[in-house]
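# Tertiary structure, described
Chain residues, written in single-letter form:
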Amino acid sequence: MDGPDAVSAKKFGIWGYPMAPFSISLRSSCFILFALLILGPSYAFYLPGSYMHTYSQGETITVKVNSLTSFETELPFSYYSLPYCQPQDGIKKSAENLGELLMGDQIDNSPYQFHVNVNESFYLCTTNPLNEREVKLLKQRTRDLYQVNMILDNLPVRRFTEQNGATFQWTGFPVGYTPSGSSEDYIINHLKFKVLVHEYEGSRVEIIGTGEEGMGVISETEKQKMSGYEIVGFEVVPCSVKRDPEAMSKLNMYSKVGPVDCPLELEKSQAIREQEKISFTYEVVFVKSDVRWPSRWDAYLKMEGARVHWFSIMNSLMVIFFLAGIVFVIFLRTVRRDLTRYEELDKESQAQMNEELSGWKLVVGDVFREPTNSKLLCVMVGDGVQITGMAVVTIVFAALGFMSPASRGMLLTGMIILYLFLGIAAGYVGVRLWRTIKGGSEGWRPVSWSIACFFPGIAFVILCILNFILWGSSSTGALPISLFFVLLSLWFCISVPLTLLGGFLGTRADHIQFPVRTNQIPREIPARKYPSWLLVLGAGTLPFGTLFIELFFILSSIWLGRFYYVFGFLLIVLLLLVTVCAEVSVILTYMHLCVEDWQWWWKAFFASGSVAIYVFLYSINYLVFQLRSLSGPVSAMLYLGYSLIMAVAIMLSTGTIGFLTSFYFVHYLFSSVKID
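Residues numbered from 1 in each chain as written. Predicted model: local features only at pLDDT ≥ 70, side-chain atom pairs only at ≥ 80, totals over all residues. Heavy atoms only, no water.

## What about the overall build of the protein chain?
For the record, the criterion: The numbering of helices and of strands both runs from the N terminus, where a helix is a DSSP run of H or I of at least 4 residues and a strand a run of E of at least 2. For every residue, the accessible area obtained with a 1.4 Å probe (protein chains only) is divided by the maximum for its type, and the residue is called buried under 20%, exposed over 50%, and partly exposed between those limits. Residues count as neighbours in contact if any of their non-hydrogen atoms are within 4.5 Å of one another. Where accessible areas are quoted, they stem from the Shrake-Rupley method and a 1.4 Å probe; at the residue level, only the protein chains shown are allowed to cover.
Helix and strand counts for the protein chain come out as 18 helices and 16 strands. The buried share of the protein chain, taken over its 676 residues, is 56%. Put simply, of all contacts in the protein chain between residues at least 6 apart along the chain, 85% involve residues at least 24 apart. A total of about 29,500 Å² of accessible surface is found on the protein chain, and carbon and sulfur atoms cover 61% of it.

## Brief notes about the pattern of salt bridges
Spelled out, the test is: The term salt bridge refers to a side-chain nitrogen of Lys or Arg lying within 4 Å of a carboxyl oxygen of Asp or Glu.
Counted according to the given criterion, the structure contains 16 salt bridges. The closest approach of N and O atoms between Lys139 and Asp185, which form a salt bridge, is 3.1 Å. Here Asp185 lies in the loop between strand 10 (176-177) and strand 11 (186-187) and Lys139 lies in helix 3 (residues 132-143), a separation of 46 residues in the sequence. With a relative accessible area of 0%, Asp185 lands in the buried category. Of the charged contacts, one joins Glu235 and Lys194 as a salt bridge, the two residues approaching to 3.5 Å between their closest N and O atoms. Residue Glu235 is found in strand 15 (residues 228-239), and its partner Lys194 is found in strand 12 (residues 190-200); the two are separated by 41 residues along the sequence. For Glu235, a relative accessible area of 12% translates into the label buried. A network of salt bridges, in which partner residues are shared, links Lys139, Arg143 and Asp185.

## Describing the packing of aromatic side chains
Put simply, the rule reads: Between 30 and 60 degrees the pair is tilted, below 30 it is stacked and above 60 it is edge-to-face, where a pair is any two Phe, Tyr or Trp rings, Trp via its six-membered ring, whose centres lie within 6.5 Å.
The full count for this structure, using the stated rule, is 40 aromatic pairs. Both rings, one in Tyr79 and one in Tyr84, keep their centres 4.6 Å apart while their planes meet at 15°; by these two values the pair is stacked. Taking the centre distance of 5.6 Å and the plane angle of 85° together, the rings of Phe460 and Phe484 count as edge-to-face. In this pair, Phe460 is assigned in helix 11 (residues 444-472) and Phe484 in helix 12 (residues 481-508), connecting sequence segments 24 residues apart.

## Some words on unusual backbone geometry
A positive phi angle is found at Asn117, which is not glycine, with a value near 65°. A relative accessible area of 23% means that Asn117 is categorised as partly exposed. The phi dihedral of Glu596 falls on the positive side, at around 65°, and the residue is not glycine. Locating Glu596 in the fold gives a position in the loop between helix 15 (567-594) and helix 16 (601-609). On the accessibility criterion, Glu596 (17% relative accessible area) is buried.

Okay, structure coming up:
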């Protein structure tokens, strides 16, 4: 097998699996879902997604083009950065939401036009003789395995390859290919499109939809108007065909030409050379399909590896039951036994027992002593609440089917909006914890400001550095200056005021009363053979064990362009992760108190938050072993930068879960003690 399909299959065969779905842009679906529901033959209700469009016989439809993407570099570039044919009425950018801009999508119109249910073959244009710069650029994009991404009626184009008897599915097609054993590069200049259509009868169907095309309810009078053809599939076979440039130059755009078979001989393929003129043509065939419009995304969203997901969940459940058994022993056997025995003694016996106390009961006068860097702890807990709330709400909505792949960027846009408005919860929790530690509201404004700026500031600095790198590479992944001002406006006009409002509400809420008094002189902590931080760092391996299998699928979605569709599994894993973080932190806190170590605050935070270290190390492992073809320091810096942001967010979220659980545990434990 030779040609573009052979090159792609050989290059990516180690990552691909039969019918593996791939997305159309970098980071384009870390997290994407489309829930489609058919209730019966007479009525259909479509969950939020793209508004169905029907086309009449012969109606003109236009293909859109997205950014060129590559798994080699992870740097997206504009489609028209290469010498492709341009539309007669000029290049027009499609309206893009915040999520699309952040993901580096750049959707433009294209000269490729079809007439519904009409099989045709057209000539587009012939380029001027290629100069040295254009040849160098085409060869570089070809050897970096850049893919051309096209969209028709919100469906990305698919192509199929076969290798060793297995069928592989890809989105997009390569810019060109380099046959094995050849020094020449060949450009894809002829496209054989196949559009799958379903004949639609407009009666007896009621549709409610939201998405890129807005919201609409189709009334009875409009139903008949909707009769026509629905587009349910979009496929392409890319070819390289050498044409006579002089003869082709005499044709006009959209002049009809005869259909061709993809040549297997390299002599009949179009090589990329200086002073070479390249003619672009395409043909389209419409094929009727039994696939209905609500099911058209099923081909892209096939779930692979369900057994692996269930194995991950069962593994996590075993860890949870093991930790739950330890917690059960701590609460019901050790703590309850000590408290019951203590309460049954008379006052004289209690006084005598107080002199013989050991373990956690000895630190009763220090357990609620203010920790070092208490302001930073409050800030990190506040940001952790904000990130955790955003993650939980987003995943729940995605699992219920409110995230559509037809609405590109919807997931990321929703996450940003949720994060902004959850600033009120972050400010409330952070300031209330500050008041609890300090015993008053003094200094709550700086705490609120710090909460509003801590994590966004870290992410903003990293993104600025990465953006300068992308600007230097002329990538469409670089954020325009205008978008920076939009992000800053959202940050300081919505997030910061809401965080300050949450902090103000936190000052009005009752601060949590400590059940025991704190001694004026701190108790000396006994020397230990090994540093306590080793135990804290080691504890992060347990939450990581519940997460790492799902993390592989998420990283594959982000960096290998696969659609991530299993939000139900992700929701289960999230709940298991929360449970493990809480149990690990409680157990570690109890162990520290038992050895008379009353400095538990930060250790409770990092007992579960240390999972971020293992997530970042796993990301590096993924870069080394799974992204081996990633080329150049720029691509590696982009990967590590985004991985660092993810690791910091995970640390704040899991650390907050562990700390708040431990705080409740310690408060409950010592509220049962009656020692003066």
